[in-house]
Every structure is written in structure tokens, then in C-alpha cells.
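Coordinate analysis (summary)
Chain by chain, the residues:
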Amino acid sequence: MSTTRQESMPFAVRLFLGYAIVILVVIGLSLRFVVDQAISAPVSPIGVVVMALLAYTIFTTTLVYQRKEASRGLAIGLASLTVPGVPLAWFTFANGPLGIVLAVVVAILAFGLLRGLTAPSTRAWLNEP
């Protein structure tokens, strides 16, 4: 059975990979805080969350690079983390215009990721079983 293979990576996949790299950078920068907490308590809630997010991001990114069909659902799940980021950005910087700008940027990112990852071009590109 011959299937057509789309060679160029869709913009939504590129956007997702950039988003995943940003998540990995933020986790890398926050590891000092997590390690400091691990000194006082071997298992901390924030440590568990950070390690789970790290594993999920690495696993999903690896599947996207391999163009696996299963990566689409995992990528949509990771992209859904942008949705609570909108009110978080809004209320964190509520005393100035920075909150509005950040909330709009995160909302655009959320819309772009979720809309793009559900597009037919992304489904066609992530076609490996």
C-alpha cells in the first residue's frame, strides 16, 4: 500500500516544537529550585510535577520528531497547558499593561497550537504508525 508522504513540516508542528523547547528551557532554569527542595524533603509536590512535565515533554517531542500518529494527541495535551496560562499571565501582571500583552500573546499561542495541531495538514504529516 503506497501512501503519499508530505515532506515539508507544517507550521503548527514547528510552533509546537518551539513551544516544547521553551518548556524544556523553563524546566532547566527551575531545576535549581527543585533540587533545593529535594534536600529538605525527598519527594515534593513541585518536584513531582516538574519531573512529570519533563518526561511528558521529552516523550512527546521525540514522537513528533519521529512523525508518529500517537504524537498528535500527546502534543494537543501538552499544548492545552497554554489555556490556563492566559488567566495566569493576566492576573500575575494585573497592575499594568504587561498583563494584557502577555495574556494576548499566550492566547494567540494557545489558539495557534490547538488549531494547528488539529488541522488536516498536521494529521497528514504525522502519519507513521
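Conventions used here
- Residues numbered from 1 in each chain as written.
- Predicted model: local features only at pLDDT ≥ 70, side-chain atom pairs only at ≥ 80, totals over all residues.
- Heavy atoms only, no water.
- Core = buried A, V, L, I, M, F, W, Y, C linked by side-chain atoms within 4.5 Å.
- Buried < 20%, exposed > 50% of the residue type's maximum accessible area, 1.4 Å probe, protein only.
- Helix = DSSP H or I, 4+ residues; strand = E, 2+ residues; numbered from the N terminus.
- Expected span 1.5 Å × (residues − 1).
- Contact = heavy atoms within 4.5 Å.
- pLDDT = per-residue confidence, 0-100.
- Phe/Tyr/Trp six-rings, centres within 6.5 Å; stacked < 30°, edge-to-face > 60°.
- Patch = residues over 30% accessible without salt bridge, like charges linked within 9 Å, V, L, I, M, F, W, Y side chains within 5 Å.
- Areas by Shrake-Rupley, 256 points an atom, 1.4 Å probe, with all protein chains shown as cover.
- Salt bridge = Lys/Arg side-chain N within 4 Å of Asp/Glu carboxyl O.

**Regarding the nonpolar core**
Of all hydrophobic cores here, the largest spans 16 residues; its most connected members are Phe 16, Tyr 19 and Val 64. Contributions of two or more residues to this core are made by helix H1 (11-40), helix H2 (45-65), helix H3 (70-79) and helix H5 (97-117).

**Re H2**
Residues that lie three or four places apart on an α-helix share one face, since the helix turns once every 3.6 residues. Between its terminal C-alpha atoms H2 stretches 30 Å, which fits the 30 Å expected from 21 residues at 1.5 Å a residue. Three or more residues of H2 are buried, namely Gly 47, Val 50, Thr 57, Thr 60, Thr 61, Leu 63 and Val 64. Where H2 is buried, its residues contact H1, H3 and helix H6 (120-125). Phi turns positive, to about 60 degrees, at Arg 67, one or two residues after H2.

**Quick notes on the confidence of the model for the chain**
Regions with low pLDDT should not have their predicted coordinates read in detail. For the chain, the mean per-residue pLDDT works out to 91, and 95% of the residues sit at or above 70. Across the chain, element-level confidence peaks in H3 with a mean pLDDT of 96 and bottoms out in helix H4 (residues 85-92) with 91.

**Observations concerning the packing of aromatic side chains**
Scanning all chains against the criterion turns up one aromatic pair. For the pair Phe 16 and Tyr 19, a centre-to-centre distance of 6.5 Å together with 55 degrees between the ring planes defines the contact as tilted. With Phe 16 and Tyr 19 both in helix H1, this residue pair falls three residues apart, about one helical turn. In this structure Phe 16 comes out as buried when scored by relative accessible area, which is 1%.

**Remarks on the environment of Ile 76**
Among the secondary structure elements, Ile 76 is positioned in helix H3. For Ile 76, a relative accessible area of 23% corresponds to the partly exposed category. For the pair Ile 76 and Phe 16, spaced 60 residues apart in sequence, the C-alpha to C-alpha distance is 9.2 Å. Those residues in contact with Ile 76, other than ones at most four positions away along the chain, are Leu 114, Leu 117 and Thr 118.

**What about a nonpolar patch on the surface?**
On the surface, Trp 90, Phe 91, Ile 100, Val 104 and Ile 108 cluster together to form a nonpolar patch covering roughly 530 Å² of accessible area. Every element with two or more residues in the nonpolar patch is listed here: H4 and H5. Here the nonpolar patch takes three residues from H5, the largest share from any one element. Mapping Val 104 onto the fold places it in helix H5.

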